[in-house]
Amino acid sequence: MHTVVLGAGLAGLSTAYELAKAGTRVTVVERNDFAGGLACSWQTAGYWLDHGPHRFHSRDEELVRHFYEVLDNEVVIRDRMSRIYMQGKFFDYPLKAMNVLKSLPPRLLVRSCWDYAWIRFTQVFKKIPDDNFENWVLKRFGRTLYEMFFGTYTSKAWKMPCTEISADWASQRISQANLWDTIVKTLNPPREGEVRSLVSEFWYPADGGIGQLGRKYAEKIRAMGGEVLLETPLERIEVENGVAKRVICRNKDGSELVLEPTEVVNTIPLQRMLEALRPEVSAEVKQAIGNLRHLGIVFVYLEIDKPTVSPDHWVYLPEKHLTIHRICEFKNFSDNSAPGNKTVVCCEITCNVGDEHWRLNLEAAAKIAEQDLIKVGLLQPGISRGIDMHKLPYAYPVYDLTYKANLDTLKKAVRKVKNLRTTGRQGLYRYNNMDHSIAMGRRTAKTLLKAGDGQADEVAAGQEYFG
């Protein structure tokens, strides 16, 4: 068996790792000059930088052991701290009832409780359907808290009204069932040994940023006889009688690389892989491809002339007078990410590819980031400078109200090719966490090795919280 894996992100690398470990032939092809995909890291001016706040967390003990195995036990454990900045104050996020009660002005507190009580009462007579993000949150938290903590941030980050966003996004990114659930969890904290949330602590590489995981995967795959070919973009996939016979890529020198796989595992953006199929996909599939969109992110990295900016791993900035929607500080993930007397803050701006924010240069983007951090009180003028900027076009799959129907059309097209599987965040058009991507890859390898179904597609497919 020879498996060709498209993409060296975490799903592709974990698939290849398990296949190489089992002694089968595997070739990973990747258009970038690094392994790790979105979870990559690089050094700039002595700092290890990531694409935002990546972290590994899971209840699956075997998956955690796998994480340690790949990283040769060079791992640190951190207690998560994240907050949301609203109306001049920082609130714990996910929301904690006592923190909200203490921090909200009395007027807003009364209005929040009244809105929640009223909407719960009206549900008895006329239920609000879970047909979009706004309705999902309104019926569980009331309008005041929805507008303060959920709706403002979501519409800002996604560049669209919350009524046009699927309720799937809410169920996967809001940990509490409703306001009452928030209060109960605050007043009745988990007992010793009881795990209530996936995000109270997380694991992270001790050195090298989150990208150390991808580098270690690639190193070990090669050591076991597998191939990880970087700077080798996919050109086309030639299909004959419903079977992918050849995968044609472009070598660094411009020549064609022709691979003849037994199996193909796709982890690159699903739309781009389908566009590479020959013969071409149908007009219906092309239309569905065009209907599925991604948000881009511009990452701006500010070097700060002080040891730390905040104790948080990341902070949400939902208010619309601020351009930045989230920040993170890598020193809080690992002590080795930055020198002791300085720090770096990563500032994120979501955008549509090609818009005014996407076209920003480092100087302009750093100025916007500095001004926003000064406004929220995390920075003083004159102590920061922009040191790097990265732009990701396929950052967030857009969960609009029609995405499921369009995605189903694409999945049907994939199933027509007998030896082609698609998985991972990009391959499934699914906004899941990094542990999910690793689990998907490992299950895909299990399927190939046992000629059965490892149920990789079921990972992160439900309505559970992913935060």
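Counting from 1, residues in each chain are numbered in the order their sequence is written. Given that the model is predicted, a residue must reach a pLDDT of at least 70 before its local features are reported, and side-chain atom pairs must reach 80 or more before they are shown or counted; all residues, however, enter totals for whole chains, interfaces and linings. The side-chain numbers reported here are obtained from all heavy atoms of the structure, hydrogens and water having been left aside.

What follows deals with the overall build of the protein chain. The numbering of helices and of strands both runs from the N terminus, where a helix is a DSSP run of H or I of at least 4 residues and a strand a run of E of at least 2. Each helix and strand counted, the protein chain has 14 helices and 20 strands in total. Its C-alpha atoms give the protein chain a radius of gyration of 23 Å, near enough to 23 Å, the size a compact globule of 467 residues would have. For the protein chain, the spread of C-alpha atoms along the principal axes amounts to about 70 × 60 × 50 Å. For the protein chain, the proportion of its 467 residues judged to be buried stands at 59%. For the protein chain, restricting intrachain contacts to residue pairs at least 6 apart in sequence, the fraction spanning at least 24 positions comes to 73%. If you average the places of the 62 positive and of the 57 negative side-chain charges in the protein chain, the two averages end up 4 Å apart. In this description the radius of gyration comes from C-alpha coordinates, and the expected globular size is given by 2.2 Å times residues to the power 0.38. Each residue is placed in one exposure class: buried if its accessible area under a 1.4 Å probe, protein chains only, is under 20% of its type's maximum, exposed if it is over 50%, and partly exposed if it falls in between. Contact between two residues is taken to exist if any of their heavy atoms lie within 4.5 Å; hydrogens are not considered. All tallies of charge rest on Lys and Arg as positive and Asp and Glu as negative; His and the ends of each chain are not included. The atom standing in for a charge is NZ when the residue is Lys, CZ when it is Arg, CG when it is Asp and CD when it is Glu.

Here 4 strands make up an open sheet; going across it, the order is E12-E11-E10-E14 and the pairing mixed. Taken across any chain shown, the strands that pair with only one partner, and hence form the sheet edges, are strand E12 (256-259) and strand E14 (277-278). By the bridge criterion, 6 bridges tie strand E10 (residues 234-240) to strand E11 (residues 243-250) in an arrangement that is antiparallel. Within E11, the position partnered with Leu234 by the bridge is Cys249. Strand pairing follows a simple DSSP-based rule, namely that at least 2 bridges must link the two strands.

In this fold, His294 is placed in strand E15 (residues 294-304). Beyond its immediate chain neighbours, meaning those up to four positions away, His294 contacts Gln271, Pro393, Tyr394, Tyr396, Pro397, Val398, Gln426 and Tyr429.

What sits between the antiparallel neighbours E10 and E11 is a turn of 2 residues, in which Asn241 has the positive phi angle 55°. Inspection of the sheet shows E11 paired to E12 by 4 bridges, in the antiparallel sense. Bridging from a neighbouring strand, Ile248 pairs with Val258 of E12. Here E11 folds back onto E12 in antiparallel fashion, the turn holding 5 residues, of which Gly254 has a positive phi close to 95°.

Now for the pattern of salt bridges. Between Lys or Arg on one side and Asp or Glu on the other, a salt bridge is scored when a side-chain nitrogen of the former is within 4 Å of a carboxyl oxygen of the latter. Enumeration over the complete set of coordinates arrives at 24 salt bridges. As a salt-bridge pair, Arg250 and Glu235 come within 3.4 Å of each other at their nearest N and O atoms. Residue Arg250 is located in strand E11, and its partner Glu235 is located in strand E10; the two are separated by 15 residues in the primary sequence. Under the relative-accessibility criterion, Arg250 is labelled partly exposed at 25%. Classification of Glu235 by relative accessible area gives partly exposed; the value is 33%. The salt bridge involving Arg236 is made with Glu238; its shortest N-O contact spans 3.1 Å.

So, about empty space enclosed by the protein. Which parts of space are left empty comes out when a probe the size of a water molecule is rolled across the atoms. Points on a 1 Å grid, built from protein atoms alone, make a cavity when a 1.4 Å probe fits but cannot get out and make a pocket when they are open with protein on both sides within 12 Å along at least 5 of 7 lines; residues with an atom within 4 Å of a point are the lining residues. Grid points are joined across faces, edges and corners, and a volume is the space filled by probe spheres set on the points. Counted according to the given criterion, the structure contains 1 cavity of 30 Å³ or more. Approximately 30 Å³ is the volume found for the largest cavity. Considering the residues around the largest cavity, the lining is formed by Ser310, Asp312, His313, Trp314, Val315, Ile327, Cys328 and Glu329. Listing elements by their share of the lining of the largest cavity, those giving two or more residues are strand E16 (314-316) and strand E17 (326-329). For the lining of the largest cavity, a count of residues per class yields 4 nonpolar, 2 polar and 2 charged. For this scheme, ten residues count as nonpolar: Ala, Val, Leu, Ile, Met, Phe, Trp, Tyr, Cys and Pro. Four count as charged, namely Asp, Glu, Lys and Arg, and the remainder, Gly too, count as polar.

Once that is clear, we can look at the nonpolar core. With 122 residues, the main nonpolar core has Phe133, Phe150, Trp158, Met273 and Leu274 as its most contacted residues. In terms of residues, this core owes the most to one element, helix H5 (residues 133-158), which gives 13 residues. For Met273, the residues in contact, after removing those within four places along its chain, are Leu6, Ile237, Asn266, Ile268, Val414 and Leu420. In this structure, Leu322, Ile368, Ala369 and Leu378 belong to the second largest nonpolar core, which totals 27 residues. Side-chain atoms within 4.5 Å link the members of a nonpolar core, which is a set of buried Ala, Val, Leu, Ile, Met, Phe, Trp, Tyr and Cys residues.

Another point: the packing of aromatic side chains. Centres within 6.5 Å make a pair out of two Phe, Tyr or Trp rings, where for Trp the six-membered ring is used; the pair is then stacked when the planes are under 30 degrees apart, edge-to-face when over 60, and tilted otherwise. Applying the stated criterion across every chain, the model contains 23 aromatic pairs. When the centroid spacing of 4.9 Å and the interplanar angle of 10° are considered together, the rings of Trp169 and Tyr431 count as stacked. Here the residue Trp169 occupies a position in helix H6 (residues 167-173), and Tyr431 occupies one in the loop between helix H13 (424-427) and helix H14 (434-450), the gap between them amounting to 262 residues. In this structure Trp169 comes out as buried when scored by relative accessible area, which is 9%. Classification of Tyr431 by relative accessible area gives buried; the value is 8%. Among the aromatic residues, those joined into a ring-pair cluster are Trp158, Trp169, Tyr396, Tyr399, Tyr403, Tyr429 and Tyr431. Positioned over the ring face of Trp136 is Arg140, at 4.0 Å from the centre of the ring. Both a distance and an angle decide whether a charge sits over a ring: NZ of Lys or CZ of Arg must be within 6 Å of the ring centre and within 35 degrees of the ring normal.

With that settled, the discussion passes to helix H12 (residues 403-415). Helices are assigned an expected span. That span is 1.5 Å times one less than the residue count. Here H12 is 13 residues long and its end C-alpha atoms lie 18 Å apart, about the 18 Å a rise of 1.5 Å per residue gives. Considered for burial, the residues of H12 that qualify are Tyr403, Asn406, Leu407, Thr409, Leu410, Lys411, Ala413 and Val414.

What follows concerns the sheet that holds strand E2 (residues 25-29). Here 5 strands make up an open sheet; going across it, the order is E9-E2-E1-E13-E20 and the pairing parallel. Edge positions in the sheet fall to strand E9 (227-229) and strand E20 (420-422), since each has one partner strand and no second. Direction aside, the axes of adjacent strands within the sheet are offset by 15° on average. As judged from the 4 bridges shared by strand E1 (residues 2-6) and strand E13 (residues 263-266), these two strands associate in the parallel manner. Looking across to E13, one finds that Leu6 is bridged to Asn266. As a rule, the C-alpha atoms of each element are fitted with a line to give its axis, helices using only the stretch in contact, and angles between N-to-C directions run from 0 to 180 degrees.

In short, shape yes, function no, at least from these values alone.
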